[in-house]
Each structure stands twice: as structure tokens, then as C-alpha cells.
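# Fold and contact review
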Amino acid sequence: MSAQTAATTAAGAAAEVDLTIGGMTCASCAARIEKKLNRMDGVTATVNYATEKAHVSYDEDADVSVQDLIATVEKTGYTAHEPAPPARTTDVSSAAPAEEADELRPLRQRLITAVLLAVPVIAMAMIPPLQFDNWQWLSLTLAAPVVTYAGWPFHRAAWTNARHGAATMDTLISVGTSAAFLWSVWALFFGTAGMTGMTHPFELTIGRSDGAGNIYLEAAAGVTAFILAGRWFEARSKRKAGAALKALMELGAKEVTVLRGGREVTVDTADLRVGDRFLVRPGEKIATDGVVVEGGSAVDASMLTGESVPVEVAVGDAVTGATLNAGGRLVVEATRVGADTQLARMAKLVEDAQNGKAAAQRLADRISAVFVPVVIVLALGTLAFWLIDGAGLTAAFTAAVAVLIIACPCALGLATPTALMVGTGRGAQLGILIKGPEVLESTRRVDTIVLDKTGTVTTGRMTLQTIHTTPTTTETDVLRLAGALEHASEHPIAQAIATGATDRTGAPLPTPEDFTNAPGLGVQGIVEGHAVLVGREQLLAQWEIRLPAELARRKAEAEAAGRTAIAVAWDGEARAVLEVADAVKDTSADAIKRLRRLGLKPILLTGDNRAVAESVAAEVGIDQVYAEVLPQDKVDVVKRLQSEGRSVAMVGDGVNDAAALAQADLGLAMGTGTDAAIEASDLTLVRGDLRTAADAIRLARRTLGTIRTNLFWAFAYNVAALPLAAMGLLSPMIAGAAMAFSSVFVVGNSLRLRGFRAGA
């Protein structure tokens, strides 16, 4: 058992393993494998159709091995193996696209074959002027590869289902297309359909016809092509399910400068060992978790922790891999490497959340589970009735096969992909990206929406908010002098003050004549002949400068509200207090109102301190707040809400949100955020405007409603024609018309989604 896939816990001989599952075609396949594994003694398993993974916990004392688990999956009709070791960071980006292309290529080849060959078959059957002498033989030649080669995945899945006493949409497709094709072959070789001059007249009259003279090749080829198209679009979105893990692992530094024997040596991050000392220059990512042994700086950890204010670090302080060194030069001693780092643990959290998140069972499969047995019983009943009635073997088989043919609705293949394509297309125009059909059912059920603070409700960057001055000082003077000094600093708060000063004064800032950085306290220097101090109150105290009572009160109020207060003094006198904070987006309060109107309860969840969180929540109208929450605890909060019976949507933008986004029933990522968050989510909001979250949920619900309507009519047209088939009155034109009308209705109904409006 490989180290990365199995772990033995301290309690007894319980072990865990992740298996890669092959051969699944729908969510019911995952459910079947899960049921078989859970029947084994001492085994608890969850199987995820989207990620094609099985996460299995088993008791080694019960004589269960990984090979036993694999054997059980294979007996169920699927393949299983332990995942290969992850590629080195330098190999990931190049290997992933090729791997994805290889997995999708067979399906794409079958689809292209089906479409190219099915179009002329349908055209000849539905347009009488194209029915030249012996056209039916050309139809057979073109339809045979479609039904056999292109439709092979449906037949294989139907056989697997039949062996286990189950029926899905694959069963319905296989039975219907096979019945249509085989009957057509019989009619061509042993009936009268193969005679020169045979035509399908364009008439929709109901009457008894000679089944030996009818062929249904267009139904067999058309259904196969349409449903393959739907499967290909679905497979393309499903392939992205594991991309969150790749995006997470790519966030770390690829190379690191290690200090060995007094020399600087550049090595791959994977080669770092515990105890190695490495150099981190300003602007570089910290390669792995460690402790600062030399230097001091400000570290931007918002990506991992959600803390909006950069953290000051000095000798002895712990730092986390993948965070950004925003200030000075650091030497760090590695304390955790590889799978032990916080970034790797977060990747594991995402993977666990995805494995535990049951994929939505496809609605068509659920209907098929009931519909297929009913149709087969009806076909057998029809056969028996006509034989008992004395109508003869040919007439009896004609009616029975007609029941199977009409029960395979072409519109089923269009119901989901057309609505999804129109819905996602409209969503893209509005800045909303929907990942796949399994996302939509979640939107109908969600009643709670958990919002990350930094970058979601707020802008995610520090900005200058308010300026408090003494009566004898002007804001312009404060902005010019403080802004000029801070402009020379690389600290994120200093840059926020410098940017605010430039924006508000509308003029270039003066250049400092002298500049000194006081680590952890602020900056000091000479600007336009004034000795200027900008930083913490302790910096002013070193020069025996005290804040006046009014400025001290303003500073205390700002800090109580969770803002960062910066004191400004020059020429031996305190002049101002500047408030810097992560600003709330202008649209956030309106977004919360819209979410409430959709019946959702908003909750703020952040790694930032409680004062900041409650201040932001009050500003936008949120009542419930979880603050100072670590990334792994965010997942626990979502699980706790789910255990209370709530269906949870989560909106976030950072790496620290990725696992919670995957755990939530519905994950929404801000497109302005990290790749890891975007890949772990179900919906992506391109513009980073929280109001789009309400539009996204409305659009997803509308799209789901359209799919449900499509599925109803896809079955309804064909169910209405079933009595005609059972009575032996089904002509090829009625079969073709049912297929065409149901398809036209489904497409037209889906196109109504183009009228969806944002903010309505």
C-alpha cells in the first residue's frame, strides 16, 4: 500500500485508501460500487462519480486488504487501482493537459463518427425526395457504425447494469437503439423493406402497417448521436473536478535558495529537508513551513489565512509555505516539508471534501430506473397479447419492438445539454460560469449561504479610509508628508497610505530627503525639511511624542472597529491618525438583500479578528459571524451547519476557502480569487461582484427548472405514443415525428433561458 494513499490510525488497525475507479458512466454506477464495498465486513466507502475516486476506510483485523477492495470493484463490473504518486511540481503543468486530452479523445472520436454518419441517415428517412432507389441500404451502411462503435459505451453499461439487476438511462438507450437497429436489419434482409423502390411516405396517419416493410435506422442513429453529444459536454466539465488539487499544489514556490556550507544553492522545493535553512527575498514566496532565524519582514498570509493585515515576523516567528514575503530579507529554517506542510494538508482537506460530496444523481437515471422495467414489461405484454390474439408472429413482434423503439426518446439526450449550454452561455455573458449539470440540483435546495470576508464581501486589499487631524493641521499636509515617506516603503499598509495620498491630492508626492525603516514600528525620514514619523504609537514614544487626547480617542475607536490606526507626527508634534482597512465593496450590502430575498440566510466566515468581522457584518447586514477561523476549521463550520439539516452554499476567493468550497453543497468562487478556489467551486463569479452570487443561484435554479420541463416532455411525447405502438399502429413517420417534435420542443424551451436578466 503506497504511503500517500493509506494511513493507519492509532486506534486499532483501521486504515484508509483512495482508489481510482474506471468505467463509471453515471451517478448510479457510483452508488452501485459504494453499496458493494459497504457490504464488506469492516468497510466504509464513499464513491464520487465526479472525481472517479473511492475513499475507503477498512479494518485490517477483518482480513480485508486493498487487493480485496479492488477485486470487489472489478466483480461489480468496473476497474480500480491505487492512484499513481503525484508528479513533481515542475511536471504538473505539462502533464495535466495531455492526460486530460487522452481521457476525452475516445469519447470525442465516437461523437464525431456518430454525427457525421447519423445526419445523412436522418435526412434520408425524414425527407422523401432524398429516398432514391436502395437508399435504405446506404442508411444501414451508415447507421451500423453509429449503433455499434459509437454506441458501444451504452451497450457495455447496459450489460453491466443487467448483470446487477439495475436499469439506468444507458439501459433505455441500449434497448431502444438495439431494437430499432435489429428490427431494421430483419426487415431489410427477411422482410420487404430491402426491396428496390421502398420509401417512407411523409404522412402521419394512424393505421396498421406491415412491420416487415418498416425500418427505424434514423431513430437508432439519431438517438445515439444526440446522447453522445450530451455525454461529451458532461465529461468535459467532469474532467475539471481534480483541478483544484493541482491548482493548490502549484501555489507553492517551485525553486528555493538554500544556504549550504556558507553558499547559496538553488534547488527544487521537493528536495528541501527538515532543518535546511533557505533564503526568502522581498516579493518571493516562502518555500515551506519554517521558523525565521534571521531578518524581519511583513508576510502576506491572506491567501492562506484570510487575515487582511500583513503579519510582522521576526527571528523566532513561524512562517507558512506559499505565503508572500512583502518586506525584508528572511532566512528561514524548514520545520515541515512535503505532505506535512499546511498547504499539503489543505490540499488533503479539499480532496477529502470532494470525495465525501455525493454527486447529484442524474434525474434521467432516476426516471429510467422505473421507466425501463415498465417499458420492457409492456413490450412483453404486447407480444403475448398479439400472439394470444392470433395475429401472427410477425405482427406480434412488430408491435412489441415498436414499443421498445418509441420508448427511447431522442429528446432525453438533448434535455440536459441544451438547457445547460443555453444557461451556461447566458451565465457567461453575465459573468457566471456553471461547471456542470450536477451543480444545478444543489441550488434548488440551498437555504444558507456562508460568505468569506476578505476578497468576497470586502475588496481584499488595504485602503486608506479616514484621516483625523489636529485643529492646526490640514489633510493635504498630512497626505503629502506621510504619503511621501510611505511611498518609499514596500509594506502593504504603507502602500495603501501612499496610494490614498496620491488619489486624494491628485498631485505627485515629494521625494524624501532621508528615509529609515523601523522594523515592526513604521518609517521615519526628512520630507521637505520636516522630520516625519509614520507608524505605531510606540514609534512616536521613542521620540517622546504623545498623541493629543482627541487623536488618542480616534485611534482607540478605529482599533475597536478592527481597523489599523497609523499615527503621523512631524517636527516633534503628533499631527494625525490615519485609518487603514480592507474596504467593504460598494455592492455587498445590496447583494446580501438579494440573497435574503432568495430565501438564504447569510453567515460571515473569516480568519480575520472578531472586531473586524463584526464591523464588516454590521455594515452589510449580516447577523451571524464566525471569526478567527483557521482554514481546516472552515470545513468544520460548513459540516456543522450541514449536520443541523441545512443545505449550505459557500462563497469565497482564497486558498483558505478551497476545502470549504468543496465541502459545501454549492461552492461559489469569486473569479478575482485564486485558481484553487475557482477549481474547487461549482460556480465561478467572473466579475468578483457579490451581487452576481444571487444572479448565479437564480440562473442555476431557472436552468434546473428548464431541464426538468425538458425531461418531462421528452418522456411525455413518447409515453403518449406508447399505446399506438402497443396497438400495432406505429408507423415510421409517427416514430420520427415523435422524435422530432420532442426534440424541437426541448430546444425551444431551452432557448427561453436566453431571456434571463440580472438583478431581476
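The residue count restarts for each chain, going from 1 along the sequence in the order it is written. The model is predicted, so local features are restricted to residues of pLDDT at least 70 and side-chain atom pairs to those at 80 or more, both for listing and for counting; the totals for chains, interfaces and linings are taken over all residues. With hydrogens and water set aside, each side-chain value is computed from the structure's full complement of heavy atoms.

As annotated in an unreviewed UniProt entry, the protein carries the name Heavy metal translocating P-type ATPase and is attributed to Streptomyces castrisilvae. The Sequence similarities (unreviewed entry) field of the UniProt record for the protein holds the comment "Belongs to the cation transport ATPase (P-type) (TC 3.A.3) family. Type IB subfamily." What UniProt states about the protein under its Subcellular location (unreviewed entry) heading is, verbatim, "Cell membrane". UniProt positions are given in the numbering used here, feature names are shortened, and annotations may be inferred rather than shown by experiment.

Let's shift gears to the overall build of the protein. Counting secondary structure elements, the protein contains 26 helices and 27 strands. Each residue gets one of three labels from its accessible area relative to the maximum for its type: buried under 20%, exposed over 50%, partly exposed in between, using a 1.4 Å probe on protein chains only. A total of 760 residues make up the protein; the buried ones form 54% of that total. Two residues qualify as a contact provided that any one of their heavy atoms is within 4.5 Å of a heavy atom in the partner residue. Considering only contacts in the protein between residues 6 or more positions apart, those separated by 24 or more positions represent 71%. For accessible areas, the Shrake-Rupley method is used with a probe of radius 1.4 Å. Any residue's cover is judged against the shown protein chains and nothing else. As presented, the protein carries roughly 31500 Å² of accessible surface, and 57% of it is formed by carbon and sulfur atoms. Counting from the N terminus, the helices are the DSSP runs of H or I reaching at least four residues and the strands are the DSSP runs of E reaching at least two.

At Ala322, a position not held by glycine, the phi torsion is positive, near 80 degrees. Among the structural elements, Ala322 can be located in the loop between β12 (318-319) and β13 (324-325).

Moving on: the UniProt feature "transmembrane region" (unreviewed entry) in the protein. Within the UniProt annotation, "transmembrane region" (unreviewed entry) is assigned to residues 111-129, 135-152, 172-195, 215-233, 367-388, 394-416, 711-727 and 733-751. The annotated region residues 135-152 carries 94% helix and 0% strand content, and the separation between its end C-alpha atoms amounts to 25 Å. The straight-line gap between the two end C-alpha atoms of residues 172-195 is 31 Å; of that span, 75% is helix and 0% is strand.

Further remarks concern the sheet that holds strand β7 (residues 263-268). One open sheet holds the six strands; their spatial order is β7-β6-β8-β14-β9-β12, and the pairing between them is antiparallel. Unpaired on one side and paired on the other, β7 and β12 mark the two borders of the sheet. Paired strands are those between which DSSP finds at least two bridges. With six bridges joining them, strand β6 (residues 255-260) and β7 adopt antiparallel strand pairing. The residue bridging Glu255 from the neighbouring strand is Asp268, located in β7.

This next bit is on the nonpolar core. Core analysis: the largest hydrophobic core is formed by 53 residues, its most contacted members being Ile215, Leu217, Leu228, Val403 and Ile405. Breaking this core down by element, the ones donating at least two residues are α3 (89-126), α4 (135-150), α6 (169-189), α7 (217-238), α11 (363-388), α12 (393-406) and α25 (691-726). When residues no more than four places from it in sequence are discounted, the contact partners of Ile405 are Gly176, Ala179, Ala180, Tyr216 and Ala219. Residues belong to a common nonpolar core when they are buried Ala, Val, Leu, Ile, Met, Phe, Trp, Tyr or Cys residues joined through side-chain atoms within 4.5 Å. One finds Ile449, Ile592, Leu595 and Ala700 within the second-largest nonpolar core, a separate group that totals 46 residues.

The strands making up a sheet are joined through hydrogen bonds of the backbone, oriented either antiparallel or parallel. The strand order across the open sheet formed by three strands is β11-β10-β13, and the pairing between neighbours is antiparallel. Each edge of the open sheet carries a strand with a single partner, namely β11 (311-313) and β13.

Turning our eyes to something else, we now look at the packing of α12 against α25. Structural elements are reduced to axes, namely lines fitted to C-alpha atoms, with helices fitted over the stretch in contact, and the angle between N-to-C directions of any two is expressed from 0 to 180 degrees. Close contact between α12 and α25 brings their axes to 8 Å; oriented N to C, the two are set at 170 degrees. It follows that α12 is roughly antiparallel to α25 by the angle criterion. When α12 is examined against α25, the residues Ala399, Ala402, Val403 and Ile406 are found in contact with a partner set consisting of Asn718, Ala721, Leu722, Ala725 and Ala726. The classification used treats Ala, Val, Leu, Ile, Met, Phe, Trp, Tyr, Cys and Pro as nonpolar, Asp, Glu, Lys and Arg as charged, and all other residues, Gly among them, as polar. Its residues placed into classes, the contact of α12 with α25 shows eight nonpolar, one polar and no charged. With respect to orientation, any angle under 35 degrees is reported as roughly parallel, any angle over 145 as roughly antiparallel, any angle of 65 to 115 as roughly perpendicular, and every other angle as oblique.

As a further point, take α4. How far a helix is expected to stretch is found by multiplying one less than its residue total by 1.5 Å. The end-to-end C-alpha distance of α4 is 22 Å, a good match for the 22 Å that 16 residues give at a rise of 1.5 Å each. Buried residues of α4: Trp135, Gln136, Ser139, Leu140, Leu142, Ala143, Val146, Val147 and Ala150, and no others.

Turning next to the packing of α4 against helix α5 (residues 152-163). Packing of α4 against α5 brings their axes to within 5 Å, and their N-to-C directions diverge by 45 degrees. Here α4 is positioned oblique relative to α5, judged by the angle of their axes. Seen from α4, the contacting residues are Val147, Thr148, Tyr149 and Ala150; seen from α5, they are Trp152, Pro153 and His155. The residue inventory of the contact of α4 with α5, partitioned by class, reads five nonpolar, two polar and no charged.

With that out of the way, let us pick up the environment of Arg445. Following the sequence through the fold, Arg445 ends up in helix α14 (residues 440-445). Under the relative-accessibility criterion, Arg445 is labelled partly exposed at 41%.

Looking now at the pattern of salt bridges. What makes a salt bridge here is a side-chain nitrogen of Lys or Arg within 4 Å of a carboxyl oxygen of Asp or Glu, nothing more. This model, assessed by the stated rule, comprises 25 salt bridges. Put simply, Asp452 and Lys634 hold a salt bridge, and the shortest N to O gap is 3.2 Å. A residue pair is termed long-range when its members are at least 10 positions apart, and Asp452 in strand β16 (residues 448-452) and Lys634 in helix α22 (residues 631-643) qualify at 182 residues. The network of salt bridges with shared partners includes Glu550, Arg553, Arg554 and Glu557.

Within this analysis, patches are made of residues with over 30% relative accessible area and no salt bridge. Like charges are joined at 9 Å or less; nonpolar side chains (Val, Leu, Ile, Met, Phe, Trp, Tyr) at 5 Å or less. Think of it this way: Lys and Arg go in the positive column, Asp and Glu in the negative one, and His and the chain ends go nowhere. For charged residues, the charge sits on one atom: NZ in Lys, CZ in Arg, CG in Asp, CD in Glu. Taken together, Glu60, Asp61, Asp63 and Asp68 make up a surface patch of like negative charges. Topologically, Asp63 is positioned in the loop between β4 (53-59) and α2 (66-75).

The next thing to look at is the side chain of Asn749. With respect to the helices, strands and loops of the structure, Asn749 is situated in helix α26 (residues 732-751). For Asn749, a relative accessible area of 8% corresponds to the buried category.

A few words on a nonpolar patch on the surface. A surface patch of nonpolar side chains, amounting to about 360 Å² of accessible area, comprises Trp186, Phe189 and Phe190. Mapped onto the elements of the fold, Phe190 is located in the loop between α6 and α7.

Turning next to the packing of aromatic side chains. Here the aromatic set is Phe, Tyr and Trp, taking the six-membered ring for Trp, and pairing holds for ring centres within 6.5 Å; pairs whose planes are under 30 degrees apart are stacked, those over 60 apart are edge-to-face, and all others are tilted. The final tally for this structure, using the stated rule, is five aromatic pairs. Aromatic ring contacts, followed pair by pair, group Phe712, Trp713 and Phe745 into a single cluster.

So, on to the confidence of the model for the protein. Model confidence for the protein is summarised by a mean pLDDT of 81, while 82% of its residues fall at 70 or above. Below a pLDDT of 50 lies the segment residues 86-101, which in the model reaches 14 contacts outside its immediate sequence neighbourhood of four places, other chains included. Note on residues 357-361: pLDDT is under 50 here. Beyond four places in sequence and across chains, it has 16 contacts. What pLDDT reports is the predictor's confidence in each residue, on a scale of 0 through 100.

Over its 13 residues, α22 runs 19 Å from end to end, which matches the ideal 18 Å to within 8%, given 1.5 Å per residue. Pro631, Lys634, Val635, Val637, Val638 and Leu641 are the residues of α22 that are buried. Taken around the axis of α22, the buried residues stretch over an arc of 155 degrees, which confines them to a single face. Trailing α22 by a residue or two, Gly645 shows a phi angle of about 90 degrees, which is positive. Directions from the helix axis toward the C-beta atoms define the arc.

Turning next to the environment of Pro548. In this fold, Pro548 is placed in the loop between α18 (537-542) and α19 (549-560). Note: C-alpha distance between Pro548 and Thr470 (78 residues apart in sequence) is 8.2 Å. Setting aside chain neighbours within four positions, we find Pro548 in contact with Thr470 and Ala574.

Sheet analysis places strand β18 (residues 514-518) next to strand β19 (residues 522-527), joined by five bridges and oriented antiparallel. Looking at the pairing, Asn517 lines up with Val523 of β19. Counted along the chain from β18 to the antiparallel partner β19, the turn is three residues long, and its residue Gly520 has a positive phi close to 80 degrees.

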